[in-house]
Amino acid sequence: MALDLSASAKIIQPAQSGRAGSLAAALAALGQAAYGLDGCPACQGAAICAPGLPVLGADARPVAPAALTAVADPVLDALHLQLVQVDGTCAAAEDVAVPALMLRAGLLGRILDLAHAHLKGRASMGRKTLSHQLVKVGFADAYGTLRLISETAQLRAESGDMAGLAEDHARLTAATIEAEKLMGGHGYLIGGTHPIGYLSMLLHVIYGPRQ
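It should be emphasised that the depicted structure is a prediction, and the values quoted were computed from it without experimental measurement.

### Here's the deal with the overall build of the protein chain
A count of helical and extended segments in the protein chain gives 7 helices and 7 strands. Mapped from its N terminus to its C terminus, the protein chain presents α and β elements in the order α-α-β-β-β-β-α-β-α-β-β-α-α-α. Accessible surface computed for the protein chain: about 9700 Å², of which carbon and sulfur atoms make up 59%.

So this is what it looks like as structure tokens:
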């Protein structure tokens, strides 16, 4: 089942949920954007899933629980998500790669929001931390990438042009890594930016286009 390229609203939803909704809702939106169903698509023999959501295999068919093997992952556990291996036919990467890009863009926005909330009341070297040039540049660069990726993904969904999609995922990965640094060491705590960045990298590995 191919991506419904006319459903631009469905493409936007993973980004909105990734930034401000629950992570379970963000994964459900990924299934909606790819197949029109709430669920967690399986791709490359794996899936990231949330409680109460089915894992969707080829042609959006739910994967039987017996075909799923849980993989221990303490970071995902802290996010109330689960990584599973999938024994069976999975979705084609091209069906999920654009919705996954939008979800990852939303997660970048979530990282920036967390970092801003953490830094807004802090001071360093006698000045508000957010007023330092390097910090402002870090936020500006990340927001610029976020906007570019989001707009490009929507155009891809409308036109069907997937040229350069792998590069878009790679560019978003680089921006996510840099954005994680804005929160400093606090980002590695549960509730910080690093777990969200880690989730984004897993999404890239599982749902990103093959080179």
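There is more to say, and it comes next.
### What to know about helix 5 (residues 133-159)
The end-to-end C-alpha separation of helix 5 is 39 Å, in line with the 39 Å expected for 27 residues at 1.5 Å each. Once helix 5 finishes, G160 follows within two positions and takes phi at roughly 80 degrees, a positive value.

### Quick notes on the pattern of salt bridges
For the coordinates displayed, the defined rule picks out 5 salt bridges. Residue R19 is joined to D113 by a salt bridge in which the shortest nitrogen-to-oxygen separation is 2.9 Å. Taken as a pair, R19 in helix 1 (residues 8-20) and D113 in helix 4 (residues 93-119) lie far apart in primary sequence, 94 residues in all. Looking at R19, the relative accessible area reads 31%, which means it is partly exposed.

### Brief notes about the nonpolar core
Grouped together as the largest cluster of nonpolar side chains are 64 residues, with contacts concentrated most on L27, I48, V55, L81, V86, L199 and Y207. Counting residues per element, this core draws most heavily on helix 4, at 14 residues. Not counting residues up to four positions away in its chain, the partners in contact with L27 are G39, C40, I48, C49, A50, L53, L81 and L103.

### Observations concerning the environment of L112
Along the chain, L112 falls in helix 4. Overall, the relative accessible area of 0% leaves L112 in the buried class. A sequence separation of 93 residues divides L112 from R19, and the C-alpha atoms of the two residues are 9.3 Å apart.

### Describing the pairing of strand 2 (residues 46-49)
Burial of the side chains of strand 2 extends over both faces: A46 and I48 are buried on one face and A47 and C49 on the other. Here 4 bridges tie strand 2 to strand 5 (residues 82-86), and the two strands are oriented antiparallel to one another. Bridge pairing in strand 5 places A47 opposite V84.

### Describing the side chain of H169
Mapped onto the elements of the fold, H169 is located in helix 6 (residues 165-180). In this structure, H169 is in contact with A97, A100, L101, R104, H204, G208 and P209, ignoring residues within four places of it in sequence.

### A look at the packing of helix 6 against helix 7 (residues 193-207)
Following both chains from N to C, one finds helix 6 and helix 7 inclined at 165 degrees, their axes separated by 10 Å at the closest point. With respect to each other, helix 6 and helix 7 are oriented roughly antiparallel. Helix 7 is crossed by helix 6, and the crossing has left-handed handedness. Together, H169, A170, T173, T176, I177 and E180 of helix 6 and T193, H194, G197, Y198, S200, M201 and H204 of helix 7 make up the contact between the two elements.

Conventions we followed
Residues numbered from 1 in each chain as written. Predicted model: local features only at pLDDT ≥ 70, side-chain atom pairs only at ≥ 80, totals over all residues. Heavy atoms only, no water. Helix = DSSP H or I, 4+ residues; strand = E, 2+ residues; numbered from the N terminus. Areas by Shrake-Rupley, 256 points an atom, 1.4 Å probe, with all protein chains shown as cover. Expected span 1.5 Å × (residues − 1). Salt bridge = Lys/Arg side-chain N within 4 Å of Asp/Glu carboxyl O. Buried < 20%, exposed > 50% of the residue type's maximum accessible area, 1.4 Å probe, protein only. Core = buried A, V, L, I, M, F, W, Y, C linked by side-chain atoms within 4.5 Å. Contact = heavy atoms within 4.5 Å. Pairing = 2+ DSSP bridges. Axes fitted to C-alpha atoms, helices over the stretch in contact; angles between N-to-C directions. Parallel < 35°, antiparallel > 145°, perpendicular 65-115°, else oblique. Left-handed = near helix turned anticlockwise from the far one by under 90°.

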